[in-house]
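A closer look at the structure
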Amino acid sequence: MTKQRIDWSSDPELAQLRDDFIGSLKHRLAQVKQMQKTQAPDVDGAVELSHKLGGIAETYGFEALTTICTAIEDWLEKDSKPDTIRFREALELLEAALLSAAQTRANSTELAQDKRLAWLISAGGSSRAGSKT
Amino acid sequence: LSNTIDILVAEDEEHIAKLIAFKLNKEGYRVTIAKNGQEAIELLAKQSWKLLILDVMMPVMDGFAVLKTVRWTPALAELPVLLLTAKGKGESPDMAGLRVEQYLKKPFDPAHLAQVVKSMVGS
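In this report, the structure presented in the accompanying data block is examined. (Residues numbered from 1 in each chain as written. Chains lettered and ligands numbered in written order. Predicted model: local features only at pLDDT ≥ 70, side-chain atom pairs only at ≥ 80, totals over all residues. Heavy atoms only, no water.)

**Brief notes about the overall build of chain B**
How we decide: Helix numbering and strand numbering both begin at the N terminus, where a helix is a DSSP run of H or I of at least 4 residues and a strand a DSSP run of E of at least 2. Burial here depends on accessible area, computed with a 1.4 Å probe over protein chains only, as a share of the maximum for the residue type. Under 20% is buried, over 50% is exposed, and the range in between is partly exposed. Whether two residues are in contact is decided by their heavy atoms: any pair within 4.5 Å suffices. Here the open area of atoms and residues is found with the Shrake-Rupley method and a 1.4 Å probe, where only the protein chains shown may cover a residue.
Helix and strand content of chain B: five helices and five strands. Helices (α) and strands (β) of chain B occur, in sequence order from the N terminus, as β-α-β-α-β-α-β-α-β-α. Looking at chain B residue by residue over its 123 residues, the buried ones come to 56%. For chain B, contacts bridging at least 24 residues in sequence account for 60% of all contacts bridging at least 6. Accessible surface, chain B as shown: approximately 5,500 Å² in total, 50% of it carbon and sulfur.

Okay, here's the thing in structure tokens:
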């Protein structure tokens with residue numbers, strides 16, 4: 001993505017759009033929590049959520065969230081029957097990223113250095129996770 | 001005049017659709033949003049458009065189905081299309097064997113999108 005920082009405070013309508021997006025993260029967080037409650041990994045649900053969120057978050061300034069979503073999506077597309085423990089770890093990481101974004105901490109260093117993210121990126125084997133086109 | 005340039009945006013994700021509309025409205029374009037492929041087809045039939053910005057993954061009718069309909073409908077066949085694809089997903093226009101004038105990978109920078117639109121339809 002061509003880097004050109006958006007000044008969200010430059011226009012009230014633009015600021016409202018970002019507020020709306022941040023507000024929507026509560027709903028996404030609820031989706032993650034619901035997935036965490038199910039016994040069998042909801043792979044389709046996690047792929048869809050990661051795909052949708054990954055395609056938006058960076059545009060709204062949350063690069064770490066897009067990186068994590070992309071890594072999860074790539075991993076799940078490679079492994080349609082993921083290890084339950086790994087799946088829960090991925091959801092925990094996604095939850096942490098959503099909470100961080102909801103607190104408008106766009107690119108938390110802790111998330112970028114999280115060992116779960118490193119594992120997801122290596123397991124997904126994608127060149128797109130962590131790299132920007 | 002720039003404000004007479006009508007652009008249809010077919011995008012189910014409202015936070016993306018609204019941001020596109022905001023940016024393009026600021027540039028003087030008139031933007032209408034379709035929430036899925038079916039709605040896009042209905043709107044395409046109702047009036048003439050200068051550009052279709054089309055997301056690939058949408059409910060009801062996906063972007064490739066819309067693109068096929070556009071290219072196979074004589075009255076719409078020459079409509080410029082800007083396809084929005086997911087980064088690295090192989091959702092390239094070539095997969096569908098259909099012509100698109102431009103495509104952008106998500107997530108994208110709205111300012112870059114505006115530049116691409118300007119290059120396609122003028123301002």
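**A few points about the sheet that holds strand E4 (residues 81-86) of chain B**
Residue and element names in this part refer to chain B. Heads up, the condition is: Strand pairing is assigned whenever DSSP detects at least two bridges linking the two strands. All axes are obtained by fitting lines to C-alpha atoms, using only the stretch in contact for helices, and the reported angles, taken between N-to-C directions, cover 0 to 180 degrees.
Pairing in this open sheet of five strands is parallel, and the strands run E2-E1-E3-E4-E5 from one edge to the other. Looking at strand neighbours, the two that pair on one side only are strand E2 (30-34) and strand E5 (102-106), the edges of this open sheet. Each neighbouring strand pair of the sheet contributes to a mean axis angle of 20°, computed without reference to strand direction. Relative to E5, E4 is paired through five bridges, and the arrangement is parallel. The partner of Ala86 across the bridge, within E5, is Lys106. Packed onto the sheet, helix H2 (residues 37-46) meets strand E1 (6-10), E2 and strand E3 (51-55) and runs at close to 140° relative to E2.

**A look at helix H5 (residues 110-121) of chain B**
We apply this condition: In this scheme, a helix's expected span is set at 1.5 Å multiplied by one less than its residue total.
With twelve residues, H5 of chain B extends 16 Å between its outermost C-alpha atoms, agreeing within 8% with the 16 Å of an ideal straight helix rising 1.5 Å per residue. The secondary structure elements touched by the buried residues of H5 of chain B are E1, helix H1 (14-26), E3, E4 and E5 of chain B.

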